[in-house]
Amino acid sequence: MSNMVQAIRMALHVAEERHGLNDVFGEDVGPPLGGAFTATQGLRTSWNSPLDERGIVGAAIGLGLAGSRNVAEVQFCDYIFNTIDLLKLGGMISWGSNGDWNCPTTIMTPVGSGIRGSIYHSHSFDATATHIQGFKIAIPSRPLDAYGLLLSCIVDPNPCLFLIPKALMRTRSAPGEEIPGVDVDDRALSKMIDAPLGDRTKWTSQWPNTPDLFIPLGEGRTVRPGRDVTVVSYGRMLPLCAKAADDLALESNGAIDAEVIDLRSLCPLDWPRIKESVKRTGRVLFVNEDIEVTNFGEHLLRRTVDELFYELLAPPRVLAGSATPGIGLADNLEAASVPQLAGIAAAIRDLAKHQP
Amino acid sequence: MSNMVQAIRMALHVAEERHGLNDVFGEDVGPPLGGAFTATQGLRTSWNSPLDERGIVGAAIGLGLAGSRNVAEVQFCDYIFNTIDLLKLGGMISWGSNGDWNCPTTIMTPVGSGIRGSIYHSHSFDATATHIQGFKIAIPSRPLDAYGLLLSCIVDPNPCLFLIPKALMRTRSAPGEEIPGVDVDDRALSKMIDAPLGDRTKWTSQWPNTPDLFIPLGEGRTVRPGRDVTVVSYGRMLPLCAKAADDLALESNGAIDAEVIDLRSLCPLDWPRIKESVKRTGRVLFVNEDIEVTNFGEHLLRRTVDELFYELLAPPRVLAGSATPGIGLADNLEAASVPQLAGIAAAIRDLAKHQP
Amino acid sequence: MNCTHGLLFRARDCPREKERAPGGPYALSLSDESSGFLETVARSLRSTGVVLSTRPLVNPFALSGRPVPDDTALPPELQLRIHDLMVRARVLEERLIQMYKQGDGYFWIGGPGEEAFNVPLGLLIHKGQGPQFDYLHFHYRQSATMLALGADPIDSLRQMKNTATDPYSGGRNFSNHYSKREWNVVPVTSTIETQYSMAPGTAMAQKRAGGKGITIVTGGDAGTAEGDFATCLVWSSRPANPLPVLMIVTNNKWGISTASEGQHGEKTIADRGRAFGIESKTIDGNDPERCYREIQAAMEYVRTTRKPFLIESMVSRLYGHSSASGANPVLDEGDCLKGFEAKLEKRGLLTRAKMDAMRAAYTTELQEAHKVVRAEPQPDGSTIFDHIFQTRDLVRGG
Amino acid sequence: MNCTHGLLFRARDCPREKERAPGGPYALSLSDESSGFLETVARSLRSTGVVLSTRPLVNPFALSGRPVPDDTALPPELQLRIHDLMVRARVLEERLIQMYKQGDGYFWIGGPGEEAFNVPLGLLIHKGQGPQFDYLHFHYRQSATMLALGADPIDSLRQMKNTATDPYSGGRNFSNHYSKREWNVVPVTSTIETQYSMAPGTAMAQKRAGGKGITIVTGGDAGTAEGDFATCLVWSSRPANPLPVLMIVTNNKWGISTASEGQHGEKTIADRGRAFGIESKTIDGNDPERCYREIQAAMEYVRTTRKPFLIESMVSRLYGHSSASGANPVLDEGDCLKGFEAKLEKRGLLTRAKMDAMRAAYTTELQEAHKVVRAEPQPDGSTIFDHIFQTRDLVRGG
Ligand SMILES: Cc1ncc(C[n+]2csc(CCOP(=O)(O)OP(=O)(O)O)c2C)c(N)n1
Ligand SMILES: Cc1ncc(C[n+]2csc(CCOP(=O)(O)OP(=O)(O)O)c2C)c(N)n1
Ligand SMILES: [Mg+2]
Ligand SMILES: [Mg+2]
C-alpha cells in the first residue's frame, strides 16, 4: 500500500512524463534529499531553490505566466506567511486582466500539527488560504486522493494550493483504496520509489505504471454514510472523524450513526454534498485544526445557517484549534490545542443526543 | 469638529509628549508629507522609512522588544500581506517565552474600500488580523474612538493593530462626540494642526490641549439602542449601519427599531455586549466589508449559534464583501463588491420581518 | 448625493469645481471632505511641490561597469522614430492627467519624464507571445514603452476612465496598469517590487525553451528596499542556473515624498549587482540615444550569455509621483524631451515649428479619443465574478 | 497506543528500538510509520550523510575588508577560559543529541562546530538588560554563546525535554530556542532570517539611548537569500540614521541538504555589505583566537561609530543540520575544538589527559542533570492560554 508521500511522488512523476510538468522545486526538494518529507525523490525535474519563500512563490507564478506547468513546494506552510501578497496577486491574474491571462501553477505545502512541530511548525493554512480568492485549494486525507487531486491541480489552468497534512505523510492506503497500477507490496514499492540509504547519486526510481487519475477539484467524498449527524472535515482531522464515527456506531450498537464527508477541495467547494447530507441529518459538525477564530469551518457553518436554519435539529457546531499564537511542544500542550479523537466523538455524541 | 486623521494626529502628539512614544514611522510618514493620509503631520518623532514593509514591521517589533513605544504605519493594509509571519511572531513573543518578554508596539494601517482603490488598494484586514493571535486589534468608526483607542494601543504592553478605515479618514466628529479639549472651530483647528500648503519647513503644529482619554480595548459601544434587531459592525460599515437603522425607524414609523453596536475592538472582543443584545432582540446581523469567505463576521455568527441558538427568532446573518480577488475600479464594480446602505437596510428589514 | 458625508467618498458625486477652489488647480483646502482615490493623500502631497523640488538637482550617477557603447548619433530615421514616440507618449500622459483633473478617472500614475528610456526600451523589445519572446514585468510608468511596442493610446484612455472597453483590465484596474498576453506584458501590479520576485520564473521558462527571449523587469529606486529586489538578484545569479533577466531600475531619487538620500546608503543601486557577479551599469536616462545603445548592449549581453544584467537609469518625475501628489508639472527636473528636441533641431532633423505641429496634432487626436471614450459604457456590477477562474489554459496555448 | 496508525505521530508511543533497527542508529527503513518531530524528514536526511559530505572541503573564504587585528596568541587565562567553555558547549550539545536519541525530546538543533566563534562572541557581549546593553537576536545554533554568557546548561536540557521548568519557554519551544529578557536575549524564532528584520528596531532604541549597547544578529548562510537579510543591510545603513548592528552570518556552506554552491552567486556573503558602504569581513570561524580578535574589533567599530558591521564566519556543522538529518557526527569537516586543543597542548597550557578529564567531568555532570530533568514535570494542558497577553510592561520596566 502506498503512503501519501509516495502517492505525491507518483503523481509528480506521471505529470512530468505525460502532462508537461517542467519544474518541481523548493527548499531541499531536489537531490540528494528529495523534499523535507521525501515527497519529491527520484523525479526528473526536481531541483533545490534558494532559501527564499518569496522567490519560490514568485518563480512559481512567473513559470505559470510563461505557460510552464510547475509545482513549487513551501517546505512547511508555516513559512508561507510572508507571501500572502504574492498569493493574492497570483489569484488575481485572470480576474484582474479581465480574463486575458491565466497562471497554471501548483504550490504545495505541508500543513497542520501532529508532528510535535512546536510553536512555529504546527500552523494550519486552510483559514488563510480560503480567504484568498482565485486559487483552487485541495487537501487530501488519503494517498489516493493525494494522487488524484495533485494531478488535477497540475493540469488546472488556474493557480492551485495543494495542502498536505504533515501528520498524514506516512499514512498508507486502506485496503481497496490503493492507487491503480500499484500492484506490488510495500517493501517492493519502497525499493522501487523510495530513495535508498547512503549514496543516492546512482539511484533512479522505478516507477509503477499508474494512470491519469484526476479527482475533480470541487468534489467531496462521503467517507462514511450515516443517518444521524453530518461530520464535515478534511485533511488530518478526517481520519479522526471517521474513526470517531466508527467507534461511536460500535459503542452505541448502531444508535449513533454519523455521516462523514471529506471535502478534499476547499475551493471549489462541494456544497451540494454538505447540503444534501445536513438536510437529511439535521445535525452537523465541522472539524478542522486551524485556529478557531475566523476559521473556514465558521464559513461552512454560516452557509448552513443561511440555507438550512429551519432544517436543523441541533445547533451546528465547529470544532477547531485553540485561539493561541502557536502550539506548544510538550504532549499535553499539543493535545490541548487541537481536536483529539475523544473530543470529536464527544461532539458527535452531543449532537446526536441533542433534543431540539 | 476634528476629523479622524486629526484625531489620530492629536493622539500621537499626546503620546509623544506624555506617554513615551518615541517613533512614529513608515513610508512617507515623516516630513514633508506626514503620511499618505496626513495622519502624522507635525509630530516631533515622525520619520520616513525605506519602502519596505517587512523592515517596518520588523523594526516596530524590535523597538517594542527594547521597550521603546512606537507606532509604525503600513501605508495601506494592502501592503501588509507580506508580513503575516512577522505579525505571527510578534504575537507570540510573550506567549512563546512563557511570559518572560512583552512587546509594546502599535502597527497602524488604513483598511477597506470606498476610496476607489481599485483591485489592490481596497482590501480589508479584519479577517486576517483576527486569525492572528497575540495582537490586540482596534478599529474606530469616529474620531473620538480613533483618539481614545489609539492612545490605549500605544500604552498597552502588547502588540496592537490599529486599523483605520480608509474611507472614514475625513469623517468629522458628530455633535456631542468631539474630543475633549478641541474647543475651536474647524477652520481654526485646521490652521493649528494641518500642515500648510507649500513650504512646510518652518511650520510647527499648535496642538490643542487634549486629555489622556483611553478607550479600553475590548469595550464596544452601543451606537443606537433598539428593540428588534441587533446589528454588529465596525469601521467603515458602522456609520452605514447606523444610518440604515435610522432610516428604517423613520420610514417604518418606529416599527423597525434596530440596535447598532460598534465593536471598536476586535480583540479583545466585547462579547457580553453582543450577547446581551441578541438575547433581547433574537435577531442579529453582522456587517463588515472584508471578503465573505472565512470572515470575522462568520466567527461572531458561530459564537451566536453556539451560545444563543434557541433564543434566535431568525437565522443570524452576515453581510460582507464579495468573494472576488479584489475590487474593481469602476463605480458599478465597487458598489457590487461591498455592502451598501440599501443592502444593509434590506437585510435589517428582512430580519425584523422574519417570521420564526 | 451628499458629498459632505464622509462615507461617500466618490469624487464624481461632488462638484470638482469646489475642490479646485482656492489657489488654482488642486491647491485644495485640507478641510474638504469629499474625495476620489487618494484625494486625502493628494491634499497634502500636491501642495508640497515646493518642498519636494527644492532639493538640489545633482545628477550623482557615475557611469560604471562595462565599456560605454559607441557614442555617435543614432541613424536619423531612428532618431525621428524615437522622437515621435516620445512626443506621443508625453501627450498621452498629459491627456491622462487632464482626464483625471476633469473627473474622468479616479487616479493617475504614469511615466512623463521616463520617455527617453522607455521608448528605446520598447523599440528594442523582442515582441511576441510565449517564451521565445521577451516577457515584460512592467511597473506603472511605462506608457511610452507600450506605445513603442505599438499600443493604441486610446486604450490607455479607456483604462483611465475604467470603461468596459478597457482592453487591459475591463475597467477594473488603475491607469497605466497594462496587461497584454499577446505581447507577453504580464499584468502590472500596484504592489511595489513584487514583479522582481516573479521575473525569475518567466526567465527560467525562456532559458529552457532556448531561443533569444529574455525577461525584462522594471521598477523604481525606492522599491529596491523591498526584499523582492534582493530575491531577483539572488535567483537570477544562481550558479546552478543563471537567468536571462534584464533588471531595470528607473531612479528618480524619490519614493512618493521620500528622498532617496536619507534612505539609501548605496552609492548607486547598480552596485547591488556586484556582490552577485551581476553586470550592472548606471546610465543617463534623459538621453534617448545613450539609452538606446546601453539597453541594446545590455540586451545583447542577456540574450547571448543567458545571464542577468542590471541597468539603473537616472530619470525625472515630471509630474510628481501621481495624481495623489497633484500631477502638476515639476519645473526643476531635466526634461528629456526638451533636451532631445534641442539636439534634433541642432542636427537639422526637425524644426521647432514642425515639432510644435506634431505635438498639436497628437494632442487633438487624443482630445478626440477622449470624447470617444467618454461615451463608452462602464462595466456592469453583475460582472464582478467573471474570470475568477479560467476554464482554458491560454498561456500554454500560446 | 497503536504506532502504525499514521495519525498518532508520537514518537514516545512507539518503541524507539524499532526505529533504530537495521543498519545502526537511525539508519531507518523508510516504511516506518511512527514519528517524532520531523522523523519523516529525518528518515531521508539522516541517511544521506555520505552524499552530503563528499563535497570537497575547500575553505574558500578570503579574508577581506579591514586590516587583520594582531595575530599573537591571546592571554593564557583567556585561552583556557575559551577552551573550557568550548568543551562545555560541545558536551552540552552531545547530551542534547543523546536526549533526542533516547526519546527525551522531539527535535534537536544546535551548534556543535560553531564553538570557536560562539564562545568568544558570548565573552565579548556587553551583557545586561535594556538598551544600554547588547540586544541579542540569535538563531538556533547558539548554545555556546549562551554558556559563555553564563547560562546553566541544565536549562537547555529542560527545554530539550519540554518540561514545565524550562526557563526559556516553559516547554513550549524547541531545543536551543533561547529567550532571556534579563540578558537581552530576545526569543529565538524558528523562522529563518526574520531576526534580521527585527534587529534594526532594537538598534534604533540603543542609538537613541546613548551608551555603548549594540545589536547583534546571527543567522546562517542559506538564510541570506531571504529578503530579511537585505532588509537589515538597507535599514542599518540608512544615511538618515545608521545603526549599531553587528550582523553575523555563520557560513557552513549548507542549508539543510542544499549546498550553497548552486544557490549563491556571491563570492563571499560579506561582499553584500559593500554596496551599502557597510564594513564587512569573512573570517575563519574555526580559530577561536582569531574569532575573538575579529569580533572584538568589529564590536569596537560598531560601539564607537554606531554604524553596522557584517561578519561572515566560516564554520563547520559537526552533527549535520539537526535531528532531522540524524544528528550523527560528520567526519570530514574541520573540528574547531580539536584544532584549538592541539594548539593548547603545543603551547603547554593543557595536557591531553587533563582535557580528557575535563570532558569526562562535564559529561558526567550533564548525565546527572539529564536524570534530574527527566524527573521534572511536563506543563499542563490547561496552561495553553497563559501569557497570550501581558498585563505589565516588562520591557519598559528596564
Ligand atoms: C508594497 C507597496 N508598498 C508601498 C506602496 C505605495 N507606493 C506606491 S508608489 C511608492 C513609491 C515608489 O517609489 P519608487 O520605487 O522609487 O518608484 P517611483 O514611483 O519613484 O517610480 C509607494 C511607497 C505600494 N504600492 N506597494
Ligand atoms: C522561513 C523559513 N524557511 C525555511 C525554514 C526551514 N529551514 C530550517 S533551517 C534551514 C536551513 C538554514 O540554513 P542556513 O541559513 O545556512 O543556516 P544553518 O542551519 O546552515 O546554520 C531551513 C531551510 C525555516 N525554518 N524558516
Ligand atoms: Mg523613485
Ligand atoms: Mg548554513
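Predicted, not measured: the structure shown is a model, and the values here were computed from it. Each chain has its residues counted from 1, following the order in which its sequence is written. Chains and ligands are labelled by the order in which they are written, letters from A for the one and numbers from 1 for the other. In view of the model being predicted, local features appear only for residues whose pLDDT reaches at least 70, and side-chain atom pairs are presented and counted only at 80 or more, with totals across whole chains, interfaces and linings using the full set of residues. Side-chain measures here rest on the full set of heavy atoms in the structure, leaving out hydrogens and waters.

1. Comments concerning the site of ligand 1
1) Next: Inspection of the region around ligand 1 gives 20 residues, with B:Glu53, C:Tyr140, C:Arg141, C:Asp221 and C:Ala222 positioned closest.
2) Next: B:Tyr79 is positioned with one of its side-chain polar atoms (N or O) 3.2 Å from a nitrogen atom of ligand 1.
3) Next: Contact distances for ligand 1 include 2.8 Å between an oxygen atom and a backbone N or O atom of C:Gly223.
4) Next: Taking 580 Å² as the accessible area of ligand 1 by itself, protein coverage stands at 95%.
5) Next: Following the grouping adopted for this structure description, the nonpolar residues are Ala, Val, Leu, Ile, Met, Phe, Trp, Tyr, Cys and Pro, the charged ones are Asp, Glu, Lys and Arg, and the polar ones are all others, Gly among them. When grouped by side-chain class, the residues that make up the shell around ligand 1 number seven nonpolar, eight polar and five charged. A cutoff of 4 Å decides nearness: a residue is near a molecule or strand if any of its heavy atoms lies inside that distance of it. Under the rule applied, a polar contact is a pair of N or O atoms within 3.5 Å (in protein, one hydrogen donor and one hydrogen acceptor; residues adjacent in sequence only if both atoms are side-chain atoms). The accessible surface values rely on the Shrake-Rupley method and a 1.4 Å probe; as for residues, cover is taken only from the protein chains in view.

2. So, the coordination of the magnesium ion (ligand 4)
Residue and element names in this part refer to chain D.
1) Next: Within the protein, the atoms that donate to the magnesium ion (ligand 4) are Asp221 (OD), Asn252 (OD1) and Trp254 (O), at distances of 2.0 to 2.1 Å.
2) Next: Because water is not among the atoms used, a metal site may look incomplete, as its donors are only the N, O and S atoms within 2.8 Å, or 3.2 Å for Na, K and Ca. In primary sequence terms, the donor set of the magnesium ion (ligand 4) follows D-x30-N-x1-W. Pair noted here: aspartate 221 is in the loop between strand 2 (215–220) and helix 9 (227–236) and tryptophan 254 is in strand 4 (residues 254–255), with a separation of 33 residues, a long-range link. Comparing aspartate 221 with tryptophan 254, the two get one shared label, buried. Strands here mean DSSP runs of E at least two residues long; helices mean DSSP runs of H or I at least four residues long; both are numbered from the N terminus. Only protein chains enter the accessibility calculation, which uses a 1.4 Å probe; a residue is then buried when its area is under 20% of its type maximum, exposed when over 50%, and partly exposed in between.

3. Comments concerning the packing of helix 4 (residues 76–101) of chain D against helix 5 (residues 115–124) of chain D
All names here are of chain D.
1) Next: For the pair helix 4 and helix 5, interaxial distance at closest approach is 9 Å and the crossing angle is 120°. Put simply, helix 4 runs oblique to helix 5. Pair helix 4 / helix 5 crosses with right-handed handedness. On helix 5, the residues touching Leu78, Arg81, Ile82, Leu85, Met86, Ala89 and Arg90 of helix 4 are Glu115, Ala116, Val119, Pro120 and Leu123. Here, axes are lines fitted to C-alpha atoms. For helices the fit covers the stretch in contact, and angles between N-to-C directions go from 0 to 180 degrees. Oblique is the label for any angle not covered by the other classes, which are roughly parallel (under 35 degrees), roughly antiparallel (over 145) and roughly perpendicular (65 to 115). It is the rotation of the near helix from the far one that decides the hand of a crossing: anticlockwise by less than a right angle makes it left-handed, clockwise makes it right-handed. Residue contacts are defined here by distance: any two heavy atoms, one from each residue, within 4.5 Å place the two residues in contact.

4. What about the sheet that holds strand 5 (residues 136–138) of chain A?
Residues and elements named next belong to chain A.
1) Next: When DSSP locates at least two bridges between a pair of strands, those strands are taken to pair. Within the open sheet, the seven strands sit side by side as 2-1-3-4-6-5-10. Their pairing is mixed. In this open sheet, the two strands that pair with only one neighbour each are strand 2 (46–48) and strand 10 (265–267). In this sheet, adjacent strand axes meet at a mean angle of 20° when their direction is disregarded.

5. Comments concerning the nonpolar core
1) Next: Side-chain atoms within 4.5 Å link the members of a nonpolar core, which is a set of buried Ala, Val, Leu, Ile, Met, Phe, Trp, Tyr and Cys residues. Ranked by internal contacts, the top residues of the largest apolar core, which has 256 residues, are A:Phe125 and B:Phe125.
2) Next: Residues within four places of A:Phe125 in sequence aside, it is in contact with A:Cys77, A:Ile80, A:Phe81, A:Ile84, A:Leu87, A:Val111, A:Leu161, A:Leu163 and A:Asp290.

6. Here we look at the site of ligand 2
1) Next: Inspection of the region around ligand 2 gives 20 residues, with A:Glu53, D:Tyr140, D:Arg141, D:Asp221 and D:Ala222 positioned closest.
2) Next: Around ligand 2, the neighbouring residues derive from chains A and D rather than from a single chain.
3) Next: Interatomic distance of 2.6 Å between a side-chain N/O atom of D:Tyr140 and an oxygen atom of ligand 2.
4) Next: Protein chains bury 96% of the 590 Å² of accessible surface belonging to ligand 2 in isolation.
5) Next: Here the shell around ligand 2 is built from residues that sort into seven nonpolar, eight polar and five charged.

7. Brief notes about the coordination of the magnesium ion (ligand 3)
All names here are of chain C.
1) Next: The coordination sphere of the magnesium ion (ligand 3) contains the protein donors Asp221 (OD), Asn252 (OD1) and Trp254 (O), at a distance range of 2.0 to 2.1 Å.
2) Next: In terms of primary sequence, the donors binding the magnesium ion (ligand 3) are separated according to D-x30-N-x1-W. With aspartate 221 in the loop between strand 2 (215–220) and helix 9 (227–236) and asparagine 252 in the loop between strand 3 (245–251) and strand 4 (254–255), this pair connects stretches of sequence that are 31 residues apart.
3) Next: Of the residues examined, aspartate 221 reaches a relative accessible area of 2% and is grouped as buried.

8. Considering the interface of chain B and chain A
1) Next: Tallying the contact residues gives 50 residues for chain B and 51 residues for chain A.
2) Next: As used here, buried area is the combined drop in accessible area, with a 1.4 Å probe, of two parts when they are placed together. Carbon and sulfur atoms supply 67% of the area that chain B and chain A bury against each other, a total of about 4,300 Å² over both sides.
3) Next: The working definition used for a salt bridge is a side-chain nitrogen of Lys or Arg within 4 Å of a carboxyl oxygen of Asp or Glu. Our count for the chain B to chain A interface comes out at four salt bridges.
4) Next: The closest approach of N and O atoms between B:Glu292 and A:Arg302, which form a salt bridge, is 2.6 Å.
5) Next: Linking chain B to chain A there are 22 residue pairs in polar contact (both at pLDDT 80 or more).
6) Next: Counting residues per element, the ones that place at least two in the side of chain B that touches chain A are helix 3 (84–91), helix 4 (93–96), helix 5 (126–131), strand 11 (284–291) and helix 10 (296–308) of chain B.
7) Next: Here the side of chain B that touches chain A gets seven residues from one element, more than from any other, and that element is helix 10 of chain B.
8) Next: A class-by-class count of the residues in the side of chain B that touches chain A yields 25 nonpolar, 17 polar and eight charged.

9. Notes on helix 7 (residues 153–160) of chain D
Residue and element names in this part refer to chain D.
1) Next: Of all eight residues in helix 7, eight are buried; the element is thus mostly enclosed.
2) Next: Regarding helix 7, the residues found buried are Pro153, Ile154, Asp155, Ser156, Leu157, Arg158, Gln159 and Met160.
3) Next: Of the surrounding secondary structure, the elements contacted by the buried residues of helix 7 are helix 4, helix 6 (143–149) and helix 14 (352–374).

10. Remarks on the side chain of B:Thr109
Residue and element names in this part refer to chain B.
1) Next: Inspection of the secondary structure assignment puts threonine 109 in strand 4 (residues 106–111).
2) Next: A polar contact of 2.9 Å, which involves the side chain of threonine 109, links it to the backbone nitrogen of cysteine 77.
3) Next: With residues up to four places along the chain from it excluded, the contact list for threonine 109 reads Val74, Phe76, Cys77, Ile80, Phe162, Leu163 and Ile164.

11. Examining the domain arrangement of chain A
Reports of interface size often rely on the accessible area that becomes lost once the parts have come together.
Residues and elements named next belong to chain A.
1) Next: The domains assigned to chain A are domain 1 (4–193) and domain 2 (221–353).
2) Next: Residue ranges assigned to the domains are those given by an automatic or database domain assignment. Taking only C-alpha atoms into account, the centre of domain 1 sits 25 Å from that of domain 2.
3) Next: The interface is formed by 30 residues belonging to domain 1 together with 26 residues belonging to domain 2.
4) Next: In total, domain 1 and domain 2 occlude about 2,200 Å² of area from one another, counting both sides; carbon and sulfur atoms represent 54% of this.
5) Next: Considering only the side of domain 1, the residues that lose the most area to domain 2 are Arg116, Asp126 and Ile139, jointly responsible for 24% of the buried surface there.
6) Next: Between domain 1 and domain 2 we count five salt bridges in total.
7) Next: Linking aspartate 331 and arginine 116 is a salt bridge whose minimum nitrogen-to-oxygen distance equals 3.1 Å.
8) Next: If you tally residues by element for the side of domain 1 that touches domain 2, the top one is helix 5 (residues 126–131), at four residues.
9) Next: By residue class, the composition of the side of domain 1 that touches domain 2 is 13 nonpolar, eleven polar and six charged.

12. Here we look at the environment of D:Lys180
1) Next: In this structure, D:Lys180 sits in the loop between helix 7 and helix 8 (194–209).
2) Next: Relative accessible area serves as the criterion here: at 21%, D:Lys180 is assigned to the partly exposed category.
3) Next: Along the primary structure D:Lys180 and D:Gln102 are separated by 78 residues, whereas in three dimensions their C-alpha atoms are 28 Å apart.
4) Next: Not counting residues within four places of it along the chain, the set of residues in contact with D:Lys180 comprises B:Asp100, B:Trp101 and D:Val185.

13. Digging into the sheet that holds strand 9 (residues 258–262) of chain B
All names here are of chain B.
1) Next: Read from one edge to the other, the open sheet built from five strands follows the order 7-9-8-11-12, with strand pairing classed as mixed. The open sheet has two free edges, formed respectively by strand 7 (221–224) and strand 12 (317–321), since each of these has just one partner strand. Adjacent strand axes in the sheet meet at a mean angle of 25° when their direction is disregarded.
2) Next: Across five bridges, the pairing between strand 8 (residues 229–233) and strand 9 is parallel. Residue pairing in the sheet places threonine 230 in a bridge with glutamate 259 of strand 9.
3) Next: This element, helix 12 (residues 341–353), spans strand 8, strand 9, strand 11 and strand 12 of the sheet and lies at about 155° to strand 11.

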